[in-house]
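These are the residues of each chain, in order.
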Amino acid sequence: MPDIYTSDWYEAVREAINARVGTLKSVPDGAFVVKIEIVGDGASPYVAAGDERHFLINIEKGACAWYREVDGDEEGIRLDYRFRGSATVFDEVAAGLSDPIDAALHGTVKVRGDMRFLMRQAELVKVLLEAYASGVETVWPLGQPPYIAASAINA
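Residues numbered from 1 in each chain as written. Predicted model: local features only at pLDDT ≥ 70, side-chain atom pairs only at ≥ 80, totals over all residues. Heavy atoms only, no water.

Student: Explain the environment of Ala48 here, please?
Tutor: Take Ala48: it is sitting in the loop between strand E1 (31–39) and strand E2 (52–60). With relative accessibility at 45%, the residue Ala48 sits in the partly exposed group. As for Ala48 and Ile77, which are separated by 29 residues in sequence, their C-alpha atoms are 26 Å apart. (Helix = DSSP H or I, 4+ residues; strand = E, 2+ residues; numbered from the N terminus. Buried < 20%, exposed > 50% of the residue type's maximum accessible area, 1.4 Å probe, protein only.)

Quick look at the structure:
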């Protein structure tokens, strides 16, 4: 069981994606790159308030070629999609407490890219999201969501 947001965790998510891709009826022929931007919100212990963590995911023919953390500079890499939201939202999705589709529909996760392609590839998108949300048994060394709001602690 890997710790959240570690190299071992990224690899486990990649393996979870790829284990399911083979069961799909169809996958896109091409490749696309997704960037995840997780913004510290003061509640999640995994990204300090005001800081950000950035992850790139490369999907080729439906399979995850690589999933890794980057320093935020994706110079030379063409991004097809960008997902941006608070650390608490991404933590809750990874813990299976929040639905990623609802987060995007309600704007708590901002999505940039060709939404028509994502809708046509709904089965693949579901596999990608399920791998992140429930495909890996995750260790939360700094505590697991839901987090107690700072205002509740001071009350």
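Student: What's the story with the confidence of the model for the protein chain in this structure? I'm lost.
Tutor: Of the residues in the protein chain, 95% have a pLDDT of 70 or more, and the chain-wide mean is 90. Averaged over each element, pLDDT in the protein chain is lowest for helix H6 (residues 150–154) (48) and highest for helix H2 (residues 87–94) (96). Contacts for the low-pLDDT stretch residues 151–155, under 50 throughout, to residues beyond four places or in other chains number one contact. (pLDDT = per-residue confidence, 0-100. Contact = heavy atoms within 4.5 Å.)

Student: Got a minute to help me understand the pattern of salt bridges in this structure?
Tutor: Where charged atoms of side chains with opposite charge meet at close range, the side chains can pair. Evaluation of the coordinates by the stated rule reveals ten salt bridges. Arg82 serves as the salt-bridge partner of Glu37, at 2.6 Å between the closest nitrogen and oxygen. Residue Glu37 is found in strand E1, and its partner Arg82 is found in strand E4 (residues 81–86); the two are separated by 45 residues along the sequence. Of the two residues, Glu37 and Arg82, both sit in the buried class. In this structure, Arg53 and Glu69 form a salt bridge, with 2.8 Å as the shortest nitrogen-oxygen distance. With Arg53 in strand E2 and Glu69 in strand E3 (residues 63–70), this pair connects stretches of sequence that are 16 residues apart. Among the residues examined, Arg53 registers a relative accessible area of 17% and is labelled buried. Salt bridges here are not isolated pairs; linked through shared partners, they connect Lys35, Glu37, Glu52, Arg82 and Arg84. (Salt bridge = Lys/Arg side-chain N within 4 Å of Asp/Glu carboxyl O.)

Student: Explanation requested: the layout of surface pockets in the structure shown.
Tutor: Remark: the empty space left among the atoms is shown by a probe the size of a water molecule rolled over them. The computed volume of the largest pocket comes to approximately 630 Å³. The wall of the largest pocket is formed by 27 residues, among which Phe83, Pro100, Ile101, Val125 and Leu129 lie closest to the centre. Secondary structure elements with two or more residues in the lining of the largest pocket: helix H1 (7–21), E1, E2, H2, helix H3 (100–105), strand E5 (109–113), helix H4 (115–120) and helix H5 (122–134). At six residues, H5 tops the list of elements feeding residues into the lining of the largest pocket. Grouping the amino acids of the lining of the largest pocket by side-chain chemistry returns 26 nonpolar, no polar and one charged. (1 Å grid on protein atoms, 1.4 Å probe; cavity = no way out; pocket = protein on both sides within 12 Å on 5 of 7 lines; lining within 4 Å. Points joined across faces, edges and corners; volume = space filled by probe spheres on them. Nonpolar A, V, L, I, M, F, W, Y, C, P; charged D, E, K, R; others polar.)

Student: Help me out: how do you make sense of the environment of Leu105 in this one?
Tutor: Mapped onto the elements, Leu105 comes out in helix H3. For the pair Leu105 and Gly40, spaced 65 residues apart in the sequence, the C-alpha separation amounts to 21 Å.

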